[in-house]
Amino acid sequence: MGNKQTIFTPEQLDAYQDCTFFTRKEILRLFYRYRDLAPQLVPLDYSDKPDVMLPYELISSMPELKDNPFRQRIAEVFSEDGEGNMTLDDFLDMFSVLSEMAPRDLKAYYAFKIYDFNNDDYICKSDLEKTVNKLTRHELTPEEVSLVCEKVIEEADLDNDGKLSLEDFQHMILRAPDFLSFSKSDQQRNGEYIHICLT
Amino acid sequence: MSYHYNEAFENPDYHNSETLESGRRKASQMNSMFRQNPYDSSPYDSYTDHDGREQRQSYSVDIPMATMQPGLEVSQSAKRWGTPNANPYGNTHINHSFEYEPEFTYTPPSTLSTVDGPFARRSSDASEASIVQRRNRQRADSVFTTSSDFDRTDANAAAYNENKESQEEKIIRNLASMTTRERIKAIQKMPKTMKEKREIRNKVLMEKTRKSVSYSTEIHCCTQCMYKIALSYRRFRNGLSELFQSLQLWQKTLKIIGGKFGTSVLSYFVFLTWLLTFNIFSFLVNFSFVTIPQFIAAGSNNLSFTGLELLTGAGYFQQTVLYYGFYTNSTITKIENSTSYDMQLAYIFTIGIYFVICFFSLVYSMAKSFRNNFVNPQTYSGNAGKLLCIWDFNITNEKAVRLKQKNLSTQIKEALSEGKSEDLNLSLKQRMVHIAIHLAAWIFSLGTTAVCCTCVYYLSINNLKLFMKGDGTELENQAATLVLPIVVSLLNLLTPFVFSLLELLEKFQYPRNQIYVTITRNVILKMSIIGILCYYWLNIVATSATECWETLVGQDIYRLVVVDFLFCLLGSFFGEFIRRIIGTKCLKNLGVPEFDIARNVLGLIYVQTLTWIGIFFSPLLPAIQIIFFFIIFYVKKVSLMMNCQPPRKVWRASQMTTLFIFLLFFPSFTGVLSVVAITIWRLNPSEKCGPFRGLSSIFDAVSRWIDVLTNYPRSAWVVWIYHNLIESVHFFFILTVIIIIITYLYWQIIEGRKIMVRLLHEQIINEGKDKMFLLEKLRALQASTRDTPARKGASQQFSTTSSLYQPPGQLDQQRHLSMPNYLERPLEKNKSSFSAKPPYTADFPETSGFLPGDPQRQQPSTKPGVSEALALAMRARQQAEREMEDEDEEDFRS
């Protein structure tokens, strides 16, 4: 059963298992997917912790992210340098959070960060406008966009500061059941396909 | 060992390396940091980075605190300042120790303000570094306490750091006290990067081993052994879960469907697999406890098999384990004098227990679904939620993404126009017209349902007559029996289309209402047809003079299921395949058909209801259903992939799934339960066939068994339970009363909670107002203090003092935006006084403001008057925040 893998030491694998929602097999599978993006860069031996980082262009070419309008934000949020370049750790982290095993709170937290385009820890109007434009591929007029954003802020802003804090966002998410489309038991886990259940 | 650990833990350098921004990148060395000397900086040497920052690690050689004399510091930094091209990150690193040197950070403002520029800058780096690490790494707490980094002084930064470390220690201690499983779960849920999580995990493990070592150093070997066993057990469990995972059906297919069509269509397939597992379970139960014993006792079947039986279920199948009538009423004994197997009891208990399990699992999944999806629906109408939660991250197909985006924009446009038209009040006449149309549509749909039901009723009676008379050839008779199921399936297939035509007439304001109304009409139709059929089976077939009415009912259900399956296949052929060809070849404006989730799911519920009713009369019906569901899954999948496009309507998948589970429970399963209960308690079983022949009712089998048991003192408790709990009216009366009381209590608790939620909501708004008020005050105060030095005239002294009021980088962005002039003025002054300094851009707080190595940061304000006011305001706000957090927690808990 693949016990002969030499990519990670058993301790490393244990650590990965404890820190992500994945099983051993899935971690290995994800590693191979990571490696497939740039076989010449990623070594087959990770036991000495090489410092490899794949550029955003490679990460965003993955089928799971390729067509996602938020791909750049997702990559930025999960990468350490904030520019979308990813180490294996970041990569695993991203898949772990976006897998359906991750709890809703965690997803809400990262969704907040994804929507927070300017990284100021608030979703302000400009963030929302960007979000709407990404969601609708610029098919709305600017007036419509700003109207929608005003409505959203008005509705979800609990403390009346004109922007959405994480608390506001989480509060809203709790009331929006479609945020997580299914209870976890309904779905299967599979490391091969990213399964982003933010909706 | 323990000593080493303590040293590592209390060593500031250790913290530096893990709390600072730069430490992040090399956290892979953290493991070794733990075990080796924490002062050892050699691991950094090997570090290289792709974006040209390789030099900066060389600065991370930690300078011991004791050598950190201010004078030396100044000279060092001045030196570095003289070569501006040197690594910009250096300062951050050298300043590690400052954060942990309280005397230094609390240095009275006089010394700071008199020292020259570089020094001030450098010490601000310290605070900034801490801010940076908060901003970038500890997003969790930074988000929760964001407002508190508003104008923090050095003292605050240091205090914050200490606070944070103590928090981290607390977390680690908490984690260490948990069980392994809880700990892993907690770590997995942390919103931190992998490296942080790993660090925490390692620390916790260290803490654990330290504890265990301090407990017992002698039995070290034993603990190690235990640890190894635990570890291998965990690995074994992980492997097991992997194995189970691979057993799950169709996971890859489901992913593909989800990726191409989104969660809404996926919900249909998930529902299908869910029903399939239900059927597999019931098949296993029935097969192992009813059918296998019957095989042992079975006689030979001498009826011929022609092939038509596959459709009608009659003929050859009549003499097989498929139907109730074939089962024996005797006890089965293979070996003489050994314990025997009572078929009657096996039959009744198997089916009874199966229904009980079904009941609980349905109630469980329904309750869970409700809890998850209808948490508090009245609070939000959901515009905001709609926008921010609408994106289906499942979708990974480019065409689907485009389609979704288009749908979204039309939806938003519609919502906007809706919001405008809401204000327009409809005139009385228009409203009357609307109501009249709805009423007419309802009358029409109910009328159609009634017509369908009468049609089915007379047809079924006719069907029975035909069967009783038995004239004509065998083949004709068999074909005649197929008329009823075909008509029923046709009605089921065509009437929904008529109902969907009504939608066009009615024009609902919200598409959601339209979906709900259509579903309600379809459910009424299907359930009344099933109701009429049940009436026919229980009241007419059961009292007719047939030889074995249970088998007859079983055959009827079998035919219904088979024909419905065939119509489902035909439906997806004509409704989807032919429709696509028409839509793409002939009538272009029709377009590709959509996958109608509601209709398909209701079809599944209908078939499942039939199967549940049929389980009693035909115990192996679930097996047939399993085969059908398998085929339907693949046919629907292929048809979906080839012919359909994702539905255009708003489809709130989770709420709809909840609704469908509810429908499966309420009219469907409860109806089935009552049908089965009537069969068992009220009806006379046939006299010449089936396991209960000769009894006045099926339940008599149990009463007789109890009578037998009364003779055995050892099983007196069973008799007692039967007499006092199952047969007793008093028990059920008391039980009902207790349940009603509990329900009432819970209802009252919910009401109370609702009030509480409302109050807390108001409180949050008030706190927000407080916050705004304090911010205003603070801003006014700062504006006034800024003006005073501005009047003093320009000098070196001026530039440093004016820079005092410059935001130290942790200012709210909002403040930067609101006060651009305020920002730029001192900056320009600084530029003039320090030529080496690169120019600031006006938007620095947004982008570059929080970069780790920005060495040109100014010393934040430490002027006594201002800082006192600041501190006061800070304290007030922090307190308010803390309260707010507590409330939030309560809120969420409730």
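Residues numbered from 1 in each chain as written. Chains lettered and ligands numbered in written order. Predicted model: local features only at pLDDT ≥ 70, side-chain atom pairs only at ≥ 80, totals over all residues. Heavy atoms only, no water.

**Let's talk about the overall build of chain B**
At step 1: Counting secondary structure elements, chain B contains 36 helices and 2 strands.
At step 2: When burial is assessed residue by residue, chain B has 49% of its 894 residues classed as buried.
At step 3: For chain B, the share of sequence-separated contacts (at least 6 apart) that also reach a separation of at least 24 residues comes to 77%.
At step 4: By element, 63% of the accessible surface of chain B is carried by carbon and sulfur atoms, the whole surface being about 43,500 Å². (Helix = DSSP H or I, 4+ residues; strand = E, 2+ residues; numbered from the N terminus. Buried < 20%, exposed > 50% of the residue type's maximum accessible area, 1.4 Å probe, protein only. Contact = heavy atoms within 4.5 Å. Areas by Shrake-Rupley, 256 points an atom, 1.4 Å probe, with all protein chains shown as cover.)

**Looking at the overall build of chain A**
At step 1: Per the secondary structure count, chain A includes 10 helices and 0 strands.
At step 2: When its helices and strands are written in sequence order, chain A yields α-α-α-α-α-α-α-α-α-α.
At step 3: In chain A, buried positions account for 68% of the 199 residues.
At step 4: Residue pairs in contact within chain A that sit at least 24 positions apart in sequence constitute 56% of those at least 6 positions apart.
At step 5: Looking at chain A as shown, the accessible area adds up to about 6,700 Å², and 50% of this sits on carbon and sulfur atoms.

**Re the packing of helix α5 (residues 71-78) of chain A against helix α7 (residues 104-115) of chain A**
Residues and elements named next belong to chain A.
At step 1: Remark: α5 packs on α7, axes separated minimally by 9 Å, with the N-to-C direction vectors making an angle of 115°. You can see that α5 and α7 cross each other, and the crossing is right-handed. Packed against α5, whose contacting residues are Arg73, Ile74, Val77 and Phe78, the element α7 presents Tyr110, Lys113 and Ile114 at the interface. (Axes fitted to C-alpha atoms, helices over the stretch in contact; angles between N-to-C directions. Left-handed = near helix turned anticlockwise from the far one by under 90°.)

**What about unusual backbone geometry?**
Residue and element names in this part refer to chain A.
At step 1: With a phi close to 55°, Asn119 is a non-glycine residue in the positive phi region.
At step 2: Structurally, Asn119 can be placed in the loop between α7 and α8 (125-136).
At step 3: Residue Asn119 is classed as partly exposed on the basis of its relative accessible area, which comes to 38%.
At step 4: For Asp121, which is not glycine, the phi torsion reads 70° and is therefore positive.
At step 5: With respect to the helices, strands and loops of the structure, Asp121 is situated in the loop between α7 and α8.
At step 6: Judged by its relative accessible area of 3%, Asp121 falls in the buried class.

**Observations regarding the confidence of the model for chain B**
Residue and element names in this part refer to chain B.
At step 1: Chain-level pLDDT for chain B is 70 on average; 61% of the residues reach the 70-or-more range.
At step 2: Segment residues 1-153: pLDDT under 50, and 294 contacts once partners within four positions in sequence are set aside and those in other chains are kept.
At step 3: Note that pLDDT drops below 50 for residues 377-381; the model gives that stretch 9 contacts with residues more than four away or on any other chain.
At step 4: Interface confidence for the predicted complex, expressed as ipTM, amounts to 0.72; the pTM equals 0.64. (pLDDT = per-residue confidence, 0-100.)

**Things to note about the state of the cysteines**
At step 1: Tallying each qualifying case throughout the model produces 1 disulfide over all chains.
At step 2: Between the sulfur of Cys548 of chain B and that of Cys689 of chain B lies a disulfide, 1.8 Å long from S to S. The chirality of the disulfide connecting Cys548 of chain B with Cys689 of chain B is right-handed, given an S-S dihedral of about 90°. With Cys548 of chain B in the loop between α25 (511-541) and α26 (549-586) and Cys689 of chain B in the loop between α29 (653-681) and α30 (700-709), this pair connects stretches of sequence that are 141 residues apart. In this structure, Cys548 of chain B and Cys689 of chain B share a single accessibility class: buried.
At step 3: No disulfide involves Cys124 of chain A; its sulfur sits 10.0 Å from that of Cys149 of chain A, the nearest cysteine.
At step 4: Classification of Cys124 of chain A as buried rests on a relative accessible area of 15%. (Disulfide = S-S within 2.5 Å.)

**With respect to the pattern of salt bridges**
At step 1: Per the stated rule, a full pass over the model turns up 8 salt bridges over all chains.
At step 2: Two residues, Glu129 of chain A and Lys125 of chain A, come together in a salt bridge whose shortest N-O distance is 4.0 Å. With Glu129 of chain A and Lys125 of chain A both in helix α8, this residue pair falls 4 residues apart, about one helical turn.
At step 3: According to the relative accessible area criterion, Glu129 of chain A is partly exposed, its value standing at 25%.
At step 4: Judged by its relative accessible area of 29%, Lys125 of chain A falls in the partly exposed class.
At step 5: Here Arg559 of chain B ties to Asp556 of chain B by a salt bridge, and the two come within 2.8 Å at their closest N and O atoms. Taken together, the residues span about one helical turn, with Arg559 of chain B and Asp556 of chain B both in helix α26 at a distance of 3 residues. Of the two residues, Arg559 of chain B and Asp556 of chain B, neither departs from the other in class, the shared state being buried. (Salt bridge = Lys/Arg side-chain N within 4 Å of Asp/Glu carboxyl O.)

**So, α26 of chain B**
Since one α-helical turn is 3.6 residues long, residues separated by three or four positions face the same way.
At step 1: Counted at 1.5 Å a residue, the expected span for α26 of chain B with its 38 residues is 56 Å, and the 51 Å between its end C-alpha atoms agrees.
At step 2: The sharpest bend along α26 of chain B comes to roughly 25°, located at Arg579 of chain B. (Expected span 1.5 Å × (residues − 1). Bend = angle between axes of the 7 residues up to and from the residue.)

**Re the packing of aromatic side chains**
At step 1: According to the stated counting rule, one finds 49 aromatic pairs over all chains in the structure shown.
At step 2: Their ring planes at 20° and their centres at 6.3 Å tell us that Tyr324 of chain B and Phe692 of chain B sit as a pair that is stacked. You can see Tyr324 of chain B sitting in the loop between α18 (309-312) and β1 (331-332) and its partner Phe692 of chain B sitting in the loop between α29 and α30, a full 368 residues away along the chain. Like Phe692 of chain B, Tyr324 of chain B is buried.
At step 3: With centroids separated by 5.4 Å and ring planes inclined at 75°, the aromatic side chains of Tyr457 of chain B and Tyr458 of chain B adopt a geometry described as edge-to-face.
At step 4: Overall, the relative accessible area of 57% leaves Tyr458 of chain B in the exposed class.
At step 5: Among the aromatic residues, those joined into a ring-pair cluster are Phe271, Trp274, Phe278, Phe281, Tyr354, Phe355, Phe359, Phe360, Trp612, Phe660, Phe665 and Phe669 of chain B.
At step 6: A cation over a ring is seen here: Arg73 of chain A above Phe117 of chain A, with NZ or CZ 5.6 Å from the ring centre.
At step 7: The ring of Tyr122 of chain A has Lys163 of chain A lying over it, and the distance from NZ or CZ to the ring centre is 4.0 Å. (Phe/Tyr/Trp six-rings, centres within 6.5 Å; stacked < 30°, edge-to-face > 60°. Lys NZ or Arg CZ within 6 Å of the ring centre and 35° of its normal.)

**A few points about a positive patch on the surface**
All names here are of chain A.
At step 1: A cluster of basic residues, Arg71, Lys130, Lys134 and Arg137, forms a positive patch on the protein surface.
At step 2: Relative to the helices and strands, Arg137 resides in the loop between α8 and α9 (142-156).
At step 3: Note on Arg137: relative accessible area 34%, which makes it partly exposed. (Patch = residues over 30% accessible without salt bridge, like charges linked within 9 Å, V, L, I, M, F, W, Y side chains within 5 Å. Lys, Arg positive; Asp, Glu negative; His and termini not counted. Charge placed at Lys NZ, Arg CZ, Asp CG, Glu CD.)

**Remarks on the environment of Ser668 of chain B**
All names here are of chain B.
At step 1: One can find Ser668 in helix α29.
At step 2: Assessed through its relative accessible area of 1%, Ser668 is described here as buried.
At step 3: For Ser668 and Val523, which are 145 residues apart along the polypeptide, the C-alpha to C-alpha distance reads 9.6 Å.
At step 4: Once you skip the residues sitting within four places of it in the chain, Ser668 turns out to touch Met527, Ile605, Thr609, Trp612 and Leu663.

**Let's talk about the nonpolar core**
At step 1: Counting 112 residues, the largest nonpolar core has Trp537 and Trp612 of chain B as the members making the most contacts within it.
At step 2: If we ignore the near neighbours within four places in the chain, the residues touching Trp612 of chain B are Phe278, Tyr354, Phe355, Cys358, Leu362, Leu664, Ser668, Phe669 and Val672 of chain B.
At step 3: Counting residues in hydrophobic clusters, the runner-up holds 70 residues, among them Phe21, Phe70 and Met86 of chain A together with Met194 of chain B. (Core = buried A, V, L, I, M, F, W, Y, C linked by side-chain atoms within 4.5 Å.)

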